[in-house]
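# Observations on the model geometry
Spelled out, the chains give:
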Amino acid sequence: MFVVPGAMERLRREERERFERDCVTDLVAEARRLGIGCQELIGLIEKGYRQ
């Protein structure tokens, strides 16, 4: 199997960009709709990491 040098890094970068564009944007919009501020949202995300 042949892999182009830097392919994994490129795929990871593209996936991170997609995550930010699709998931984070939607999460922030929903948080705003629910009246959840930035710091509270950060706290919820940190709580999710601990679970």
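Residues numbered from 1 in each chain as written. Predicted model: local features only at pLDDT ≥ 70, side-chain atom pairs only at ≥ 80, totals over all residues. Heavy atoms only, no water.

### Quick look at a nonpolar patch on the surface
For the record, the criterion: Like charges within 9 Å and nonpolar side chains (Val, Leu, Ile, Met, Phe, Trp, Tyr) within 5 Å are joined into patches, using only residues over 30% in relative accessible area that form no salt bridge. Here, Shrake-Rupley sampling with a 1.4 Å probe gives the accessible areas, and only protein chains in the shown set may cover a residue. Salt bridges, as used here, are contacts in which a Lys or Arg side-chain nitrogen is within 4 Å of a carboxyl oxygen on Asp or Glu. Numbering of helices and strands runs from the N terminus, with a helix taken as a DSSP run of H or I at least four residues long and a strand as a DSSP run of E at least two residues long. Relative accessibility thresholds used throughout: buried, under 20% of the residue-type maximum; exposed, over 50%; partly exposed, between the two (1.4 Å probe, protein chains only).
Side chains of Leu-27, Ile-45 and Tyr-49 sit close together on the surface and give an oily, nonpolar patch of about 350 Å² of accessible area. Checked against the element boundaries, Tyr-49 lands in helix 2 (residues 38-50). Judged by relative accessible area, which is 73%, Tyr-49 ranks as exposed.

### What to know about the pattern of salt bridges
Applying the stated rule across the entire model yields five salt bridges. Residue Glu-14 pairs with Arg-10 through a salt bridge whose shortest N-O separation is 2.9 Å. Placement of both Glu-14 and Arg-10 in helix 1 (residues 7-33) is noted, with a separation of four residues, approximately one turn of the helix. Judged by relative accessible area, which is 34%, Glu-14 ranks as partly exposed. Through salt bridges with shared partners, a single ionic network connects Glu-15, Arg-18, Arg-21 and Asp-22.

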